[in-house]
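Listed below are the residues making up each chain.
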Amino acid sequence: MPHSEVQGPTRRVLVTTGLAAAFVAATEAGGGRAVAAEPAAGAAPQGASAVPAGASVPASRPGGKAPSGKWDAFNLSPASRTVRPVAVYTLTGVVRRPEALVTKGRGAKAVTRITGKGSSVTFDFGKEVGGFVTLSFGPGGETNQTVGLTYSELSNFVSASSSDGSNGGSNNEPAVQYAVTPGGRISTDKDTPVAGAGPAATAHPASQLRGGFRYLTVVNETSGSVDLTDVSVRITFAPNAADLSAYPNYFYCDDDMLNRVWYAGAYTVQTNIIAADQGRVWGPPDLGWDNSAKVGEAGGTVLVDGAKRDRTVWPGDLGISVLTDYVSLGDLVTVRDSLQTLYNHQDADGALPYAGPAVNFIGNSDAYHLWTLIGTASYVQLSGDTAWARTAYDAYKKAVTYIVAKIDGDGLLNVTSAADWARSDADGKNLEANAIMYRALVTASALATTLGDPASAGAWKAKAAALKSAVESGGYWDEAVGLYRDKPTGGGASLYPQDGNALAVWFGLVDSADRARTISASLAWRWTAVGALSPEKSGSSVHPFPGGMEVHAHFAAGQDATALDLIRREWGFMLDSPTGTASTFWEGYRSDGTSDYSGSYMSAAHGWSTGPTSALTYRFLGISPTGDAGAGHRVEPHPGEQRFAQGQLTTAKGVIGASWQQRGGGEFDLTVNAPGGAVDEIAVPVTDARTCVVRLDGRTVWQGSARRTGVTFSGGYVRIAGVAAGTRKVTVRRR
């Protein structure tokens, strides 16, 4: 989403699409257990997973669930919606037996006694959780006592007096206090606070849902003693999933960090799928928070920007989070309903919201308007849901007409509604907006073709081509720097943005393979110890939203090892940071690792920061949509220096499984399993097309040249079209 770092209509966000009925099975019961992210059993030394025997593709389990395997050890989603802390993080004052409630085998005699005003215990759930808290108390405590609750995603904001910032206004969120009955229970979804939470909490306890936290502090607000006998959280995110851990898709390779990142991205987005009536109230309360707003108007769930905040549909965020959802959770129904909510608030002139309800910023962001268009086309392609597309098409065309009118005679988009993500200088003919405009036109042409509107398809395709030519001739490219300027003149001429350059490569605005490689190298040259710089925000900003764009760009440029190195550096930093959640990805930070969003207001579980999850499936594993329309997919691994990978993607045409192994010396094995119509092309990397032999199911299809119809060579890959359904094995050998 375009999050205003603080609280106003100067934010940025992304909306993408949801999957249709083909993926409802992903929410059915069953599936593998969830455990904390740690090396898989039998892992090889130095964090590398052991190479599996053979290169087979395991069969999916019944009910649309991914097969079980070593990858289950990386799945962070809890198997039960009731979770309990796994450790005590810190104490203040007098606390007896603080570890009693987190030790294994806790029983009826497990009691933690908190004595005296200000004494507290902070419980650590080991990962991001979210929902309603239940506390149970033993009969031995004193009467007329009160406890307070505070929450935090990151450990450096743990406090016995206040929660981390989430309301978007004052962010004044003191401990929420509840009266204790010895032998009784407190449930934050049913019991009314006695103080500290503001009018909303006392009016309706449901406002006290806390969407994202790792740490829960229980503080004694009175002078006596309370005996705490149980602490639990009822998870509320992804309410449409019967089993949170039962993903329809999976990913696994020989690098445990990459495995952790894939699953942490999936889990981050899962924490961002919320019930339609559990969003953040806007405008913000003066005191405390209120997460009881209706933020979805179609279906029961929406995909929002963050777990803690803003808990609102932001179209920009969806540009990344929808792809993450698709390759892992497969919940495109939620995407569709999020898009429909945005269309429900389209302005009369065609402008789409910068953010959905309850925020309802409409018409002040050309960039986010475009992200909704991209998300719409993406949803329809991934889901095959042309029935919904036809109901939305008039509004979609109206939105395209609105934004096309802002393309000047020189063929470039001139941004006049400049709200965006937190980047600076977002108006005028900036590169990022023009790259998004280009992608929106390309996908609009594809959607129009799908829906039988050739006139619009042709017009939008021509606009896209003209825009590409205008960027090429418009003075954006700086050969000496090896990057595009943000703008050809003025202050933007000295800014070389991460987002615009990455999108130019990822979205195909760059045709030259040499230039794409140059951009990749120039972006990598700017990396810090904790990730890639985002100078369009500030000279010290590291933002995983454009960072995910950069990961996709490195893969698109054929720089696979560079893409993987960035994932390990930036997303590995977030996972292994001693202050982090060890499970979810942050909104944005600085090169010194501190928050880049008003201190504790930063979201530590933000879907726009999950770009590597889709990149690892689409590029590294290699299962991705063939083009911009149609249900077909291509299997084209980008292995970098890794030895093997395997996984699956559930598509509208069925499940595609892939497994590959690098054998050394340019030799390569790939196994693909897919139903009819799901895979249009299989491609294998070759180091020298003149001297290699490629076999399909043991039959030679390439030996220096094609030996079968439908076999070609381009971009370092031998490509095989027209492959029959079932299990297919492709090998690359030296002659």
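The structure contained in this document is the topic of the report that follows.

Criteria and cut-off values
- What you see as residue numbers is a count from 1 along each chain, following the sequence as written.
- The predicted nature of this model means local features are confined to residues of pLDDT at least 70 and side-chain atom pairs, given and counted, to a pLDDT of 80 or more, with totals for whole chains, interfaces and linings taken over all residues.
- Remark: hydrogens and water are excluded; side-chain values derive from all non-hydrogen atoms of the structure.
- Axis geometry follows a simple rule: fit a line to the C-alpha atoms, using only the stretch in contact for helices, then measure angles between N-to-C directions, giving values from 0 to 180 degrees.
- Strands here mean DSSP runs of E at least two residues long; helices mean DSSP runs of H or I at least four residues long; both are numbered from the N terminus.
- Convention used here: angles under 35 degrees read as roughly parallel, angles over 145 as roughly antiparallel, angles from 65 to 115 as roughly perpendicular, and any remaining angle as oblique.
- Definitions for this section: a left-handed crossing has its near helix turned counterclockwise from the far helix by less than a right angle. A right-handed crossing has that turn clockwise.
- Residues are treated as being in contact if the distance between any of their heavy atoms lies within 4.5 Å.
- Strands are treated as partners if at least two bridges between them are detected by DSSP.
- Any helix carries an expected span of 1.5 Å times its number of residues minus one.
- For every residue, the accessible area (1.4 Å probe, protein chains only) is compared with the maximum for its type, and the residue is labelled buried under 20%, exposed over 50%, or partly exposed between those bounds.
- Throughout this description, a polar contact denotes any pair of N or O atoms lying within 3.5 Å of each other; where both atoms belong to protein, one of them has to be capable of donating a hydrogen while the other can accept it, and for residues adjacent in sequence the pair is counted only when both atoms sit in side chains.

1. Regarding the packing of helix H7 (residues 431-450) against helix H8 (residues 454-473)
At a closest axis distance of 8 Å, the pairing of H7 and H8 adopts a crossing angle of 155°. It follows from the interaxial angle that H7 and H8 lie roughly antiparallel. When you trace H7 past H8, the crossing you get is left-handed. Packed against H7, whose contacting residues are Leu-431, Asn-434, Met-437, Tyr-438, Leu-441, Val-442, Ala-444, Ser-445, Ala-448 and Thr-449, the element H8 presents Ser-456, Ala-457, Trp-460, Lys-461, Lys-463, Ala-464, Leu-467, Lys-468 and Val-471 at the interface.

2. Description of the sheet that holds strand S25 (residues 717-721)
Spatially, the 5 strands line up as an open sheet ordered S16-S17-S21-S25-S24, and their pairing is mixed. Of all the strands in the sheet, just strand S16 (623-625) and strand S24 (711-714) have a single pairing partner and so form its edges. Ignoring which end each strand starts from, the neighbouring axes of this sheet average 25° apart. As defined by bridge partners, strand S21 (residues 679-685) adjoins S25 across 5 bridges and the pair is classed as antiparallel. The residue of S25 that forms the bridge with Pro-685 is Tyr-717.

3. Re helix H5 (residues 366-383)
Between the first and last C-alpha of H5 there are 26 Å, a value that for 18 residues agrees with the 26 Å anticipated at 1.5 Å per step. Of all 18 residues in H5, 18 are buried; the element is thus mostly enclosed. N-cap assignment for H5: the residue whose side-chain oxygen lies 3.0 Å from the backbone N of Tyr-368 is Ser-365. Positive phi shows up at Gly-384, right after H5, with a value of about 75°.

4. Some words on the pairing of strand S20 (residues 667-674)
Summarising burial for S20: 7 of the 8 residues are buried, a large majority. Direction of pairing for strand S19 (residues 654-664) relative to S20: antiparallel, over a ladder of 7 bridges. Within S20, the residue paired with Gln-661 across the bridge is Asp-669. Counting the residues that bridge the hairpin from S19 to S20 gives 2 residues, and of these Gly-665 lies at a positive phi of roughly 65°. Where S20 meets strand S26 (residues 726-734), 7 bridges bridge the pair, whose relative direction is antiparallel.

5. Some remarks on the sheet that holds S19
Judged by pairing direction, the sheet is antiparallel, and its 7 strands sit side by side in the order S9-S18-S19-S20-S26-S22-S23 without closing on themselves. This sheet does not close on itself; its edge strands, each paired only once, are strand S9 (250-253) and strand S23 (699-703). Neighbour to neighbour, the strand axes of the sheet diverge by 15° on average, direction disregarded. Here 4 bridges tie strand S22 (residues 692-696) to S23, and the two strands are oriented antiparallel to one another. Following the sheet pairing, Leu-696 is matched in S23 by Arg-699. Strands S9, strand S18 (644-651) and S19 of the sheet are contacted by helix H13 (residues 611-621), whose axis makes an angle of about 115° with S18.

6. Section: unusual backbone geometry
If a residue is not glycine, its phi is most likely negative; likewise, a peptide bond is most likely trans. The omega torsion across Trp-282 and Gly-283 is 5°, close enough to zero to call that bond cis. Checked against the element boundaries, Gly-283 lands in the loop between strand S10 (273-275) and strand S11 (301-303). In this model, Pro-357 is joined to Ala-358 through a cis peptide bond whose omega is 10°. Examined against the element boundaries, Ala-358 turns out to sit in the loop between helix H4 (332-343) and H5. Positive phi is not limited to glycine here, since Ser-598 has a value of about 50°. Following the sequence through the fold, Ser-598 ends up in the loop between strand S15 (589-590) and H13. Looking at Ser-598, the relative accessible area reads 38%, which means it is partly exposed.

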